[in-house]
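Letter by letter, the chains look like this.
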Amino acid sequence: MNADSRSVKPFVLFFLLLSFFGPYYPGTSFRLDQIIGWIYICALFVLPLFAGGVFRIERQYETKVFALGVGMLLFVLFRIFVDLSNLSGALQLANQFSLIVFGCALYYFHRVYLSIEWRSFVIAFLLVSIFINAYAIYQFADTDSPFVTLVFDYYGGKEEGRYEDFRTLAELSVRGGGRFTSIFSGMHSLGIYNLLTLSVCVGAAVSKKEFPRHFYIVTFALALSIVGGVLSTSKTYYFGALIILIINFATVGLKLTKFHLYAFLVIGAAAFLVIFLAEDLPMVSRPFLLLFGDSGHGVSDIFSSRFGASDTTGYFDNVVDVTSQFSTWVLGFGDQAFDYKYADFEYRQILLVGGAGLLMLFYGFCVYITYLNYLSIRTGSPFSRPFLGLSIAFLIAGVGMPVHLQARIIPLWVLLNLLLASPVSMALKKTNSTLRG
């Protein structure tokens, strides 16, 4: 790698990172990262043709990750366009199912540079998270601010008349429900983003020697990820954070480690924040009220809305019968899946789009990433345990929402997994250490 390319790479990667958090074009659902994503995906298919038609993938783990990701995208593109009925719906589905391959493409094209400068990339990611969560705090402190109104105009698009007096779902969540979204279009997106940030922070905190000059950034980002996650009021964040900590405890063992100390800090800080805010902001404590049954039914209330009989009122009152049909499991409905209510249950959403074939490919990828996180524990990667917990939390959260289809977050989740928390990443680090030695 020559000096000129090394001087340009940091700016390219930082621009790519920022593009994930850019605004919508006013009044539309289009963002810059969507365009960049498809450019990278097209390049992933086209550029190898100029190198003899062969991908430069040397490791077995990478080959399986790419095969599952690309296979899933090709399958869903064939399914939704083979009997196209709604072009805008088909394009939306294509965007949703391109996210995983986008993350793979980012890793494929930048893995050599990132294997050397992974610490800088982690710090850049955490700096962005600090600004995002700082804005969530400002959104909470001055909800009616003109600046908050301005941000609503550029983040989430405009959907006039759909949410009564509120222009977007984000504005409805913040000003109508006391559930904070920061720059995201929904509170769950902020919660999921902070689960990813929490995992990166814990891994960076445990490996303090890797960040001697920037450890204060790691600590500050960890603190704000807790605050931002609590303000999101997302059940996905609350229970996802607990799952991450439980998995870490289970894999570390009974001995007291630095991770245990950080875990106790996280639990204590989050509990204090919930207690402090609960009186003035009741939605902050709602996830725990659901768990303990504020309406007398507890968690069963959540599952009854998703798995109840077709004659009951809930999120999926027009879906229960159709998901048991043989034709649904064989073919799915493609873009016609939008005719059914599926937005709060990822597993059923994927089944409705592409049947059992898409379900196996999609979750084959997600489970394989989880398996790689587990394998990387043996290599001593400090990020392996928190990312293993994160992957398991994402799989469980799929029962409640489409967590693996979060456009701003999932490509970064895939990239960071391959970079920090898989045997692939450790092999690259060992190679670089050998070369420098």
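Bear in mind the structure is a predicted one, so any value in this text is a computation, not a measurement.

Novice: Which residues make up the overall build of the protein, and what are the values?
Specialist: Scanning the protein from terminus to terminus reveals 18 helices and zero strands. Looking at the protein as a whole, 53% of its 437 residues are labelled buried. Sequence-distant contacts, at least 24 apart, represent 72% of the contacts inside the protein between residues at least 6 apart. A total accessible area of about 19,600 Å² is found for the protein, and carbon and sulfur atoms account for 66% of it.

Novice: Explain empty space enclosed by the protein residue by residue, including any values.
Specialist: Under the counting rule described, the total for this entry stands at two cavities of 30 Å³ or more. When its volume is computed, the largest cavity comes out at roughly 50 Å³. Lining the largest cavity are L13, L16, L17, F20, L106, H110, L114, F121, L412 and L415. For the lining of the largest cavity, the secondary structure elements donating two or more residues are helix 1 (3-19), helix 5 (99-141) and helix 17 (410-420). It is helix 5 that provides the largest number of residues to the lining of the largest cavity, a total of four residues. Per-class residue counts for the lining of the largest cavity are nine nonpolar, one polar and no charged.

Novice: Give a description of the nonpolar core that names residues and reports values.
Specialist: Counting residues in each nonpolar core, the largest one holds 122 residues, and the members touching the most others are F21, F97 and L196. In terms of residue count, the dominant contributor to this core is helix 5 (23 residues). Once you skip the residues sitting within four places of it in the chain, F21 turns out to touch V128, I132, Y155, I183, F184, Y193, R408 and L412. Ranked by size, the runner-up nonpolar core spans five residues in total, among them I243, I247, I377 and A393.

Novice: Before we move on, could you go through unusual backbone geometry and cite the residues and values that matter?
Specialist: Phi is positive for S182, which is not a glycine, with a value near 55 degrees. By the element assignment, S182 lies in the loop between helix 7 (169-177) and helix 8 (187-206). Of note, T233 is a non-glycine position whose phi angle comes to about 55 degrees, a positive value. Here T233 is to be found in the loop between helix 9 (215-232) and helix 10 (235-252).

Novice: Please set out a nonpolar patch on the surface residue by residue, giving values where relevant.
Specialist: There is a patch of nonpolar side chains on the surface, built from F15, L32, I35 and I39 and spanning about 400 Å² of accessible area. Counting residues per element, the nonpolar patch draws most heavily on helix 2 (residues 32-46), at three residues. Looking at the secondary structure, you find F15 in helix 1. Note on F15: relative accessible area 46%, which makes it partly exposed.

Novice: An account of the pattern of salt bridges is requested, with residue identities and associated values reported.
Specialist: Per the stated rule, a full pass over the model turns up six salt bridges. Among the ionic pairs, D33 bridges to R31, the shortest N-O distance being 2.8 Å. Residue D33 is classed as buried on the basis of its relative accessible area, which comes to 3%. Between E171 and R175 there is a salt bridge, with its nearest N and O atoms 3.2 Å apart. Here E171 and its partner R175 are both found in helix 7, four residues apart, which amounts to about one turn of the helix. Note on E171: relative accessible area 6%, which makes it buried. Each member of the salt-bridge network shares a partner with another, and the members are D144, E171 and R175.

Novice: Which residues make up helix 6 (residues 146-154), and what values go with them?
Specialist: The complete set of buried residues in helix 6 reads V148, V151, F152 and D153. Put simply, S145 is the residue that caps the front of helix 6, since its side-chain oxygen is 3.1 Å from the backbone nitrogen of F147.

Novice: Quick one: what's the story with helix 4 (residues 87-96), residue by residue and with numbers?
Specialist: Within helix 4, burial applies to G89, A90, L93, A94 and Q96. Considered in projection along helix 4, the buried side chains sweep an arc of 160 degrees and stay on one side of the axis. Among the exposed residues of helix 4, those pointing more than 90 degrees away from its buried face are L87 and S88.

Calculation rules
- Per chain, residue numbering runs from 1 following the sequence as it is written.
- The predicted nature of this model means local features are confined to residues of pLDDT at least 70 and side-chain atom pairs, given and counted, to a pLDDT of 80 or more, with totals for whole chains, interfaces and linings taken over all residues.
- For the side-chain quantities, the full set of heavy atoms in the structure was used; hydrogens and water were omitted.
- Strands here mean DSSP runs of E at least two residues long; helices mean DSSP runs of H or I at least four residues long; both are numbered from the N terminus.
- In this scheme, a residue with accessible area under 20% of its type's maximum is buried, one over 50% is exposed, and one in between is partly exposed, where area comes from a 1.4 Å probe on protein chains only.
- Throughout, a contact is declared for two residues whenever any of their heavy atoms are within 4.5 Å.
- In this description, accessible areas are obtained by the Shrake-Rupley approach with a 1.4 Å probe, and a residue is regarded as covered only by the protein chains that are shown.
- Using protein atoms alone on a 1 Å grid, points that fit a 1.4 Å probe yet trap it form a cavity, whereas open point sets bounded by protein on both sides within 12 Å along at least five of seven lines form a pocket; residues with an atom within 4 Å of a point count as lining.
- Grid points are joined across faces, edges and corners, and a volume is the space filled by probe spheres set on the points.
- Each residue gets one label: Ala, Val, Leu, Ile, Met, Phe, Trp, Tyr, Cys and Pro are nonpolar, Asp, Glu, Lys and Arg are charged, and the others, such as Gly, are polar.
- Nonpolar cores were defined as sets of buried Ala, Val, Leu, Ile, Met, Phe, Trp, Tyr and Cys residues, with membership established by side-chain atoms within 4.5 Å.
- Here, patches come from residues exposed beyond 30% relative accessible area and free of salt bridges, joined within 9 Å for like charges and within 5 Å for nonpolar side chains (Val, Leu, Ile, Met, Phe, Trp, Tyr).
- A pair is scored as a salt bridge if a Lys or Arg side-chain nitrogen falls within 4 Å of a carboxyl oxygen belonging to Asp or Glu.
- N or O atoms closer than or at 3.5 Å make up a polar contact, with two conditions inside protein: a donor-capable atom paired with an acceptor-capable one, and, for residues adjacent in sequence, both atoms drawn from side chains.
- By construction, the arc corresponds to the directions joining the helix axis to the C-beta atoms.

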